[in-house]
Amino acid sequence: MSEVIAVTGATGRIGRRVVRRLAEAGAAVRALGRDREKLAALPAEDVRTASYDDAGAMRAALDGAGALFLVSAHEAPGRVRTHATAVDAAVAAGVRRIVYLSYLNAAPHATFTYARDHWHTEQHIRSTGLAFTFLRDSTYQADLAAMTSPDGVLRGPAGDGRVGAVAHDDIADSAAAVLLGEGHDGVTYDMTGPEALSFDEIAAALSRAAGRTVTYVPETRDEAYASRAGYHAPDWEVEGWITSYEAVANGEMDDVSDDVLTLTGHPPQSFADFLATHPRSYRHLLPQ
């Protein structure tokens, strides 16, 4: 009997892609999520409903699984605690290895506040004694388009820093390769695109794709807070938004890795190719 591979966040942007790839490979995949209706649409016969912070439900959902692909939970002040609950449930259920979707250059003092959460989660996984693999992804290419306002302005305190953004499909291909393969225990892989682009270059690529001018407007920290005040988001969330740009400015996001190629056998998608194949990602920028 083949090992059961449990995938959390199975209806999300990464999780559903991983479920599809595992199913196509003939793996015994178990899809976990909170919405049973959405789970039913996935190519997985074994679906379970559970949320990370419900230890009992998570343990029951993971019972009998040998491997767990743990997609990080939505950002929240208690996210590390939520992750720890899910990890502890996996241990209690007898899971033998965890593949965790982390973040590039996760560290306790990372500029990007959410990257700190990922580092603490990694440490908790290490402390369990289970086999583990960390996939540390860069900014998603789709998010670069989404961060651009409909008026064609990409603004933030990124300075002249660069980011090696990566496509969701490349993350999913890499995750499936790790989950289905061997020799990945104890390894951390950096998931990046093939190039590190400045925000001016990102704006130029969006301009070419959308057929209109898109510009990058660098901001100071104070300007960034002021321009986002209208969202009325909680302080921790706004700090996360702004520090994601500051991490770029500080050179923490300009890494370019060969790990996608090593794991999948194909090079990662460039931002220009992503835009060419995903026009929906920038439809809000198209001339009306």
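Quantities reported herein were computed from a predicted structural model and do not represent experimental measurements. (Residues numbered from 1 in each chain as written. Predicted model: local features only at pLDDT ≥ 70, side-chain atom pairs only at ≥ 80, totals over all residues. Heavy atoms only, no water.)

What to know about the nonpolar core
Next, step 1: Within the largest apolar cluster, 56 residues are counted, with the highest numbers of intra-cluster contacts made by Val18, Leu22, Leu62, Phe69, Ile98 and Leu135.
Next, step 2: Considering each element in turn, this core owes the most residues, six residues, to helix H7 (residues 168–180).
Next, step 3: Those residues in contact with Ile98, other than ones at most four positions away along the chain, are Leu68, Leu70, Val87, Ala90, Ile125, Leu130, Ala131, Phe132 and Thr133. (Core = buried A, V, L, I, M, F, W, Y, C linked by side-chain atoms within 4.5 Å. Buried < 20%, exposed > 50% of the residue type's maximum accessible area, 1.4 Å probe, protein only. Helix = DSSP H or I, 4+ residues; strand = E, 2+ residues; numbered from the N terminus. Contact = heavy atoms within 4.5 Å.)

Brief notes about helix H5 (residues 113–127)
Next, step 1: Taking 1.5 Å of rise per residue, the 15 residues of H5 would be expected to cover 21 Å, and the 22 Å separating its terminal C-alpha atoms lies within 8% of that figure.
Next, step 2: Residues of H5 that are buried: Thr113, Tyr114, Ala115, Asp117, His118, Thr121, Glu122 and Ile125.
Next, step 3: In this structure, the buried side of H5 is in contact with helix H4 (79–93), strand E5 (97–103), strand E6 (131–137) and helix H10 (235–249).
Next, step 4: Count one or two residues on from H5 and you reach Gly129, which has phi positive near 85°. (Expected span 1.5 Å × (residues − 1).)

Topic: the packing of aromatic side chains
Next, step 1: Under the definition given, this model contains eight aromatic pairs.
Next, step 2: Plain terms: the ring middles of Tyr100 and Phe134 are 6.3 Å apart, the flat faces sit at 85° to each other, and that makes the pair edge-to-face. Here Tyr100, found in strand E5, pairs with Phe134, found in strand E6; they are 34 residues apart in sequence, far enough to count as distant.
Next, step 3: With a relative accessible area of 0%, Tyr100 lands in the buried category.
Next, step 4: Note on Phe134: relative accessible area 0%, which makes it buried.
Next, step 5: When the centroid spacing of 5.4 Å and the interplanar angle of 45° are considered together, the rings of Phe199 and Tyr216 count as tilted. Of the two residues, Phe199 is situated in helix H8 (residues 199–210) and Tyr216 in strand E11 (residues 215–218); the sequence distance between them amounts to 17 residues.
Next, step 6: Aromatic ring contacts, followed pair by pair, group Tyr100, Phe132 and Phe134 into a single cluster.
Next, step 7: Stacked on the ring of Tyr114, the Lys or Arg Arg79 has its end atom at 5.6 Å from the ring centre. (Phe/Tyr/Trp six-rings, centres within 6.5 Å; stacked < 30°, edge-to-face > 60°. Lys NZ or Arg CZ within 6 Å of the ring centre and 35° of its normal.)

Quick notes on the environment of His124
Next, step 1: Here His124 lies in helix H5.
Next, step 2: A residue is classified by how much of its surface remains accessible, and His124, at 24% relative accessible area, is partly exposed.
Next, step 3: Through-space distance from the C-alpha of His124 to that of Asp88 is 9.1 Å; in sequence the pair is 36 residues apart.
Next, step 4: Beyond its immediate stretch of four places on either side in the chain, His124 contacts Ala84, Val87 and Asp88.

Structural notes on the sheet that holds strand E2 (residues 28–33)
Next, step 1: With respect to topology, seven strands assemble into an open sheet ordered E3-E2-E1-E4-E5-E6-E9, the strand pairing being parallel. Edge positions in the open sheet fall to strand E3 (46–49) and strand E9 (187–191), since each of these has one partner strand only. Here the average twist between neighbouring strands, direction ignored, is 20°.
Next, step 2: Across four bridges, the pairing between E2 and E3 is parallel. In the strand pairing of E3, Gly33 is matched with Thr49.
Next, step 3: Strand contacts of helix H3 (residues 55–62): strand E1 (4–7), E2, E3 and strand E4 (67–70), with the helix running at about 165° to E2, the strand carrying the most contacts. (Pairing = 2+ DSSP bridges. Axes fitted to C-alpha atoms, helices over the stretch in contact; angles between N-to-C directions.)

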